[in-house]
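# Commentary on secondary and tertiary structure
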Amino acid sequence: MDTKMKSRRIWLASTVALLAALPLAGALAAPFESNRITVRTEGSGPDVVLIPGLNSSPRAWASTVAALPGYRYHLVHVSGFAGQPAGGNKEGTVAAPVAEEIARYIRESKLQQPAVIGHSMGGTIGMMLASRHPDSLSRLMVVDMYPFLGTFFAGPGAAPARVEAVADGVVAGMRSAAPEERRKRANDTIAGMVNTEAMREGAIQDSMSSDPDVSIRAYRELIVTNLIPELPKIGVPMTVLYVQPKNVPLPAEQFDAVYKAGYAPVKNLSLKRISDSAHFIMWDQPQRFQQEVKAFLPAR
């Protein structure tokens, strides 16, 4: 072997060894796997985690995502809701373990303190995340959710046993409903939660394609879970958008006072009533909602 050929082989072997020792450029992390949630990403920019509510799907956020480009949105879909198999949510509580899974998703996906927005039950999950994993996010928006629904179901100051009894009664009524009654309830419920008629059908489809048992257990969990004692642990800026339901015949000032009292322990709070809207603010007042989200999110 001539000297030139020998030198070339030595150079080639050295180059291969060096490349093998280097990390692969652009290597992708292993896909996140969970039997409680799936997450789809869309767009690019600062990270934003979007959590829908009970029986809802990421379709709740479609108009918001389209109107506010320039972010990487992480769209959470809870197992058992809106056509997703029940998976790990087939027994026990739902909101609390889902909050833990979202914390794990943020950690394993190496997200750098994303903004988190949660609607309804998603707001409860967001509060759990912010109080129990305070370093995992940079800010939290809760869309029309109170930190202790037991107040509305059992009355202010009700003992935990009373709240549990009321929740059990609600669950019993839901479990006894025949399929046709369940559809009627879904239609009536969505009519009260969505003023914009064109958006109701999608919400009804999500509700009817949700696993009834997962929904019932999650609903009970929401009634009995009191997050007010955990609110002092939330140190990140927190925005709460809320509406007054049509079936709550209180003077506006009195209803506002209930919300202010419930969220009083939050250190850095912006509390905003949204008028002329039902529960799905993003559909009933899309421009106002998008303005609030834009102001809430970090600069791009």
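Note: the structure precedes this text.
Residues numbered from 1 in each chain as written. Predicted model: local features only at pLDDT ≥ 70, side-chain atom pairs only at ≥ 80, totals over all residues. Heavy atoms only, no water.

## Topic: the overall build of the chain
- Counting its regular elements, the chain contains 12 helices and seven strands.
- Its C-alpha atoms give the chain principal-axis dimensions of about 95 × 40 × 40 Å.
- Partitioning the contacts of the chain with sequence separation of at least 6, the portion at a separation of at least 24 is 78%.
- Carbon and sulfur atoms provide 56% of the accessible area of the chain, an area that totals close to 15000 Å².
- The centroid of the 32 positive side-chain charges in the chain is displaced by 8 Å from the centroid of its 27 negative side-chain charges. (Helix = DSSP H or I, 4+ residues; strand = E, 2+ residues; numbered from the N terminus. Contact = heavy atoms within 4.5 Å. Areas by Shrake-Rupley, 256 points an atom, 1.4 Å probe, with all protein chains shown as cover. Lys, Arg positive; Asp, Glu negative; His and termini not counted. Charge placed at Lys NZ, Arg CZ, Asp CG, Glu CD.)

## A short note on the sheet that holds strand S4 (residues 115–119)
- If you trace the seven strands from one edge of the open sheet to the other, you get S1-S3-S2-S4-S5-S6-S7, paired in mixed fashion. Taken across any chain shown, the strands that pair with only one partner, and hence form the sheet edges, are strand S1 (37–42) and strand S7 (269–273). Direction aside, the axes of adjacent strands within the sheet are offset by 15 degrees on average.
- Across four bridges, strand S2 (residues 47–51) lies against S4 in parallel orientation. (Pairing = 2+ DSSP bridges. Axes fitted to C-alpha atoms, helices over the stretch in contact; angles between N-to-C directions.)

## Quick look at unusual backbone geometry
- With phi around 65 degrees, Asn55 is a residue other than glycine that occupies positive phi space.
- Checked against the element boundaries, Asn55 lands in the loop between S2 and helix H2 (62–67).
- Taking the relative accessible area as the measure of exposure, Asn55 reaches 15% and is therefore buried.
- We note that Gln113 has phi near 45 degrees; this positive angle belongs to a residue other than glycine.
- Tracing the sequence through the fold places Gln113 in the loop between helix H3 (95–108) and S4. (Buried < 20%, exposed > 50% of the residue type's maximum accessible area, 1.4 Å probe, protein only.)

## Comments concerning the layout of surface pockets
- Considering only enclosed or pocket space, the largest pocket measures out at about 1400 Å³ in volume.
- Mapped by element, the contributors of at least two residues to the lining of the largest pocket are helix H5 (150–154), helix H6 (160–175), helix H7 (179–193), helix H8 (200–208), helix H9 (212–224) and helix H10 (252–263).
- Classifying every residue of the lining of the largest pocket gives 26 nonpolar, 13 polar and seven charged. (1 Å grid on protein atoms, 1.4 Å probe; cavity = no way out; pocket = protein on both sides within 12 Å on 5 of 7 lines; lining within 4 Å. Points joined across faces, edges and corners; volume = space filled by probe spheres on them. Nonpolar A, V, L, I, M, F, W, Y, C, P; charged D, E, K, R; others polar.)

## Here we look at the packing of H7 against H8
- Where H7 meets H8, the axes come as close as 10 Å, and the angle between the chain directions of the two elements is 140 degrees. Comparing the axis directions of H7 and H8 gives the class oblique. With respect to the hand of their crossing, H7 and H8 are arranged in right-handed fashion. Residues Arg182, Arg183, Ala186, Asn187, Ile190 and Ala191 of H7 touch H8, and the partners they reach there are Arg200, Ala203, Ile204, Ser207 and Met208.
- For the contact of H7 with H8, the per-class residue count stands at six nonpolar, two polar and three charged. (Parallel < 35°, antiparallel > 145°, perpendicular 65-115°, else oblique. Left-handed = near helix turned anticlockwise from the far one by under 90°.)

## Details of H9
- Spanning 13 residues, H9 covers 19 Å between terminal C-alpha atoms, matching the ideal 18 Å at 1.5 Å per step.
- Regarding H9, the residues found buried are Val214, Ser215, Ile216, Arg217, Ala218, Glu221, Leu222 and Ile223.
- On its buried face, H9 is in contact with H3, helix H4 (121–132), H5 and H6.
- Two to three positions downstream of the cap, the backbone nitrogen of Asp213 sits 2.9 Å from a side-chain oxygen, assigning the N-cap of H9 to Asp211. (Expected span 1.5 Å × (residues − 1). Polar contact = N/O pair within 3.5 Å; in protein donor to acceptor, adjacent residues only side chain to side chain.)

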